[in-house]
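Summary of structural features
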Amino acid sequence: MADPASHAQPSTTDGQSRRDFLLYATSTVGVVGTGLALWPFVQSMNPAADTLALATTEVDISKVQVGQAITVAWRGKPVFIRHRTPEEISEARAADNADLRDPQKDAQRVEKPEWLVVIGICTHLGCVPLGQKPTDPRGEFGGWFCPCHGSQYDTSGRIRKGPAPRNLEVPKYAFINDHTIRIG
Amino acid sequence: MSAYKTNNKVVAWIEERLPIFSMLQHSAVEYPTPRNLNYWWNFGSLAGFMLVVMILTGVFLVMNYTPNTHMAFESVDRIMRDVNYGWLLRYLHSNGASMFFILVYIHIMRGMYYGSYKAPRELLWWVGIAIYLAMMATGFLGYVLPWGQMSFWGATVITNLFSAIPVVGPHIVTWLWGGFSVGNPTLNRFFSLHYLFPFVIFALVFVHLWALHTVKSNNPLGIDVKSPQDTIPFHPYYTIKDLFGIGVFLMFYLSFVFFAPNFFGEPDNYIPANPMMTPPHIVPEWYYLPFYAILRSIPDKLGGVVAMFSAILVLLFLPWLDSSKVRSGKFRPIFKQLFWLFLADCFVLGWVGAQVPSPNVTLIGRFATVYYFAHFLVILPLLGKFEKARPLPASISAPVLKGGGMAAGAHAQPMEKA
């Protein structure tokens, strides 16, 4: 600092580049370190271990007659299990080649054709569609009708009309035996 | 600040170490304010008053509230029935949210009519929008806490808006929920944030005031302050006017609290949350309805969400979209009428947002949505180029002092004529 300006031009640039390096290195470590330190905070908001542990549900379906439907809770969400009638199954298959927004064959959406298992949450903004009770409106396609914004699903739970972008989601499930399903 | 004088030794001692008294003197007493502010200028201070009421009632409500999905609904019921004056605190708080939005909407509309967003007040306007956004978030979070049906399904629908984001959307939603649906983790974090945000708003209000005191208040004529004659000190002239405004406002506010406490509420929120059943007709709180209408007007999920957020974010560009050099709508004959048309459009959108969707309602909603954006993106940019503004007065004091504006009289005694 005591050096007059006339003295040693090269050493000044040297000093500056060394200082620049130290400044950039310190700033980089600071920014990256702060970013890394934020991660636990962000991650703490994701589902906790006990929430994840509740991820399967077993359901007894022996009492569900043909044409009936039940709603069970899985991960805090409603899951629709519908015992489809032969007409509903043939309707669903007939629509396989219709103009679908989210094309899927009925066979891809079921393990056994008479049992349709879908998450009962409208893929638009998460309302629970109507259609589980015989008295509910089921829309033009005989499946479900969402009262919030008017989405309509067919007997395979596929979106046919209204603002929802995707079919009702099929959860991972398996038949443990003929009358028990494990969801999740 | 250096002008601050005191004979009080304690005050002088503090002032030397922390110039708080001179700051107050400078910004709350001497602060030179345009002499012609009308009653529309009361709403800023009213909103500030309401923020204090909300924080105060909120802090005391928390003393009896339990943020747990099994207990939240009943703890609110206990506040209503058993806690001393709990009903009063809760009704002050729940109606207070509606009042806060009414005040802020009038405040925003005041700014839009008198061109308060124009140079040099762009940042002041931006900070105001930040406050408004923080208020919307806080209001939404707070509405979830009583854990009624509307709380639950409102939270579900609003958080699901983020699922419209391509690729990462569903992960963001799970992250927001802390689970696979709106549940206890969601309620806990919403409570935490609902307590935090008002203090963020409080800080933003200080930034808003800082910017205001740097560029000074706009006024109904929309022209700059040109001489000390144009202003009067904030205290006592505007302190007393603001106080009077608070008195009138309290009559309005408390008439709801005491005589129609559930006027703004939805009956469905007195049914405990049920994740297995959506109420037949979900509506958000009234202050979100115009934006909800815009969301529903677009027949595409992502498009609807984008349009809804754009409806608010377009306000950020308002200072540059409005091409007119004249600030106050008072001197803009066409703008003045279109302003009221725009306001009517907002009311139409609000009405549409409250209806069960039907083809006719959707059609009206679409027209109103198009007009909303057209006002900002087409009308305002063009209007400034074609409209012929009426002549502006020479100064703020000129019309008041009957032409004495430039003759700057020591004998004009502006203080006493205010």
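Keep in mind that what you see is a predicted model, and the values were worked out from it rather than measured.

Attention now goes to a nonpolar patch on the surface. Residues and elements named next belong to chain B. Taken together, the side chains of Leu133, Phe162, Ile165, Val167, Val168, Phe309 and Leu313 define a hydrophobic patch exposed on the protein surface, amounting to about 570 Å² of accessible area. Along the chain, Val168 turns up in the loop between helix 7 (149-160) and helix 8 (169-177). Accessibility expressed as a relative area gives 40% for Val168, which makes it partly exposed.

Attention now goes to unusual backbone geometry. For residues that are not glycine, phi is negative in most cases, and the peptide bond is trans in most cases. Between Ala119(B) and the following residue, Pro120(B), the backbone shows a cis peptide bond with an omega angle of 5 degrees. With respect to the helices and strands, the residue Pro120(B) is situated in the loop between helix 5 (86-113) and helix 6 (122-144). Omega for the peptide link from His235(B) to Pro236(B) comes to 5 degrees, which places this bond in the cis form. By the element assignment, Pro236(B) lies in helix 10 (residues 234-259). The backbone phi angle of Arg75(A) is positive, close to 55 degrees, even though this residue is not glycine. With respect to the helices and strands, Arg75(A) occurs in the loop between strand 2 (69-74) and strand 3 (77-83). Here Arg75(A) falls in the partly exposed class, since its relative accessible area comes to 29%. Here Val167(B), not a glycine, exhibits a phi torsion of approximately 65 degrees, which is positive.

Attention now moves to the sheet that holds strand 5 (residues 142-145) of chain A. Residue and element names in this part refer to chain A. Judged by pairing direction, the sheet is antiparallel, and its three strands sit side by side in the order 5-6-7 without closing on themselves. Strands with a single pairing partner mark the edges of an open sheet, and in this sheet they are strand 5 and strand 7 (159-161). Strand-to-strand twist across the sheet, computed as the mean angle between neighbouring axes with direction ignored, equals 40 degrees. As defined by bridge partners, strand 5 adjoins strand 6 (residues 152-154) across three bridges and the pair is classed as antiparallel. Across the sheet, the residue bridging to Phe145 is Gln152, located in strand 6.

A few words on the environment of Pro198(B). Residue and element names in this part refer to chain B. In this fold, Pro198 is placed in helix 9 (residues 184-215). Take Pro198: its relative accessible area is 15%, and that puts it in the buried class. In sequence terms Pro198 and Leu51 are 147 residues apart; their C-alpha atoms lie 7.7 Å from each other.

Here we take up the confidence of the model for chain A. Per-chain confidence: chain A averages 86 in pLDDT, with 92% of residues scoring 70 or above. Mean pLDDT in chain A bottoms out at helix 2 (residues 49-53) of chain A, which sits at 83, and peaks at strand 4 (residues 115-119) of chain A, which reaches 93.

Let us now look at the domain arrangement of chain B. Residues and elements named next belong to chain B. Each domain of chain B was delimited in the assignment, giving domain 1 (1-30) and domain 2 (39-282 + 388-401). Here the C-alpha centre of domain 2 lies 33 Å away from the C-alpha centre of domain 1. Each partner contributes residues to the interface: domain 1 has four residues there, and domain 2 has four residues. Around 330 Å² of area is buried between domain 1 and domain 2 when both sides are counted, 57% of it from carbon and sulfur atoms. There are two residue pairs in polar contact (both at pLDDT 80 or more) connecting domain 1 and domain 2. For the side of domain 1 that touches domain 2, the residue count by class is two nonpolar, one polar and one charged.

The next thing to look at is the interface of chain A and chain B. Note on interface size: it is often stated as the accessible area lost on association of the parts. Counting from both sides, the interface comprises 26 residues of chain A and, opposite them, 23 residues of chain B. Between chain A and chain B the total buried area reaches about 2,100 Å² when both faces are included, carbon and sulfur atoms providing 66% of it. The three residues of chain A that bury the most area against chain B are Met45(A), Leu125(A) and His149(A), which together make up 29% of that side's buried surface. For the pair chain A and chain B, the interface holds nine residue pairs in polar contact (both at pLDDT 80 or more). Secondary-structure elements contributing two or more residues to the side of chain A that touches chain B are helix 2, strand 2 and strand 3 of chain A. In terms of residues, the side of chain A that touches chain B owes the most to one element, strand 2 of chain A, which gives three residues. For the side of chain A that touches chain B, the per-class residue count stands at 15 nonpolar, nine polar and two charged.

All names here are of chain B. Where helix 5 meets helix 14 (residues 333-354), the closest approach of the two axes is 11 Å, and the angle between their N-to-C directions is 155 degrees. Taken as axis vectors, helix 5 and helix 14 run roughly antiparallel relative to one another. By crossing handedness, the relation of helix 5 to helix 14 is classed as right-handed. Residue-level contacts link Met109, Met112 and Tyr113 of helix 5 to Phe335, Lys336, Phe339, Trp340, Phe342, Leu343 and Cys346 of helix 14. Taken together, the residues that form the contact of helix 5 with helix 14 break down as nine nonpolar, no polar and one charged.

Here we take up the pairing of strand 2 of chain A. Residues and elements named next belong to chain A. The sheet contact formed by strand 2 and strand 3 spans six bridges and is antiparallel. If you follow Ala69 over to strand 3, its bridge partner there is Arg82. With antiparallel pairing between neighbouring strands as the criterion, strand 2 and strand 3 make up a hairpin whose turn holds two residues, including Arg75 at a positive phi of roughly 55 degrees.

Residues and elements named next belong to chain A. A complete count under the given rule lists one disulfide over all chains for this structure. Put simply, Cys127 and Cys148 are joined by a disulfide, and their sulfur atoms are 2.2 Å apart. Because the torsion about its S-S bond is -100 degrees, the bridge between Cys127 and Cys148 counts as left-handed. Of this pair, Cys127 sits in the loop between strand 4 and strand 5 while Cys148 is found in the loop between strand 5 and strand 6, placing the two residues 21 residues apart along the sequence. On the accessibility criterion, Cys148 (6% relative accessible area) is buried. Of all cysteine sulfurs, the one in Cys146 lies closest to Cys122, which takes part in no disulfide; the gap is 3.9 Å.

All names here are of chain B. For chain B, per-residue confidence averages 92 on the pLDDT scale, and residues scoring 70 or more make up 95% of the total. Note on residues 404-418: pLDDT is under 50 here. Beyond four places in sequence and across chains, it has 17 contacts. Of the two predicted TM-score estimates for the complex, the pTM is 0.87 and the ipTM is 0.75.

Considering all chains together, one arrives at 38 aromatic pairs over all chains under this definition. Centroid distance Phe140(B) to Phe190(B): 5.6 Å. Interplanar angle 65 degrees. Geometry classified as edge-to-face. Taken together, the residues span a long stretch of sequence, with Phe140(B) in helix 6 and Phe190(B) in helix 9 at a distance of 50 residues. On the basis of relative accessible area, Phe190(B) is assigned to the buried category, the value being 5%. Centroid distance Trp286(B) to Tyr287(B): 5.5 Å. Interplanar angle 75 degrees. Geometry classified as edge-to-face. Judged by relative accessible area, which is 26%, Trp286(B) ranks as partly exposed. Directly above the ring of Phe175(A) sits Lys112(A), whose terminal nitrogen or CZ lies 4.3 Å from the centroid.

Cut-off values and rules
Residues numbered from 1 in each chain as written. Chains lettered and ligands numbered in written order. Predicted model: local features only at pLDDT ≥ 70, side-chain atom pairs only at ≥ 80, totals over all residues. Heavy atoms only, no water. Patch = residues over 30% accessible without salt bridge, like charges linked within 9 Å, V, L, I, M, F, W, Y side chains within 5 Å. Areas by Shrake-Rupley, 256 points an atom, 1.4 Å probe, with all protein chains shown as cover. Salt bridge = Lys/Arg side-chain N within 4 Å of Asp/Glu carboxyl O. Helix = DSSP H or I, 4+ residues; strand = E, 2+ residues; numbered from the N terminus. Buried < 20%, exposed > 50% of the residue type's maximum accessible area, 1.4 Å probe, protein only. Pairing = 2+ DSSP bridges. Axes fitted to C-alpha atoms, helices over the stretch in contact; angles between N-to-C directions. pLDDT = per-residue confidence, 0-100. Domains from an automatic or database assignment. Contact = heavy atoms within 4.5 Å. Buried area = accessible area lost by both parts, 1.4 Å probe. Polar contact = N/O pair within 3.5 Å; in protein donor to acceptor, adjacent residues only side chain to side chain. Nonpolar A, V, L, I, M, F, W, Y, C, P; charged D, E, K, R; others polar. Parallel < 35°, antiparallel > 145°, perpendicular 65-115°, else oblique. Left-handed = near helix turned anticlockwise from the far one by under 90°. Disulfide = S-S within 2.5 Å. Phe/Tyr/Trp six-rings, centres within 6.5 Å; stacked < 30°, edge-to-face > 60°. Lys NZ or Arg CZ within 6 Å of the ring centre and 35° of its normal.

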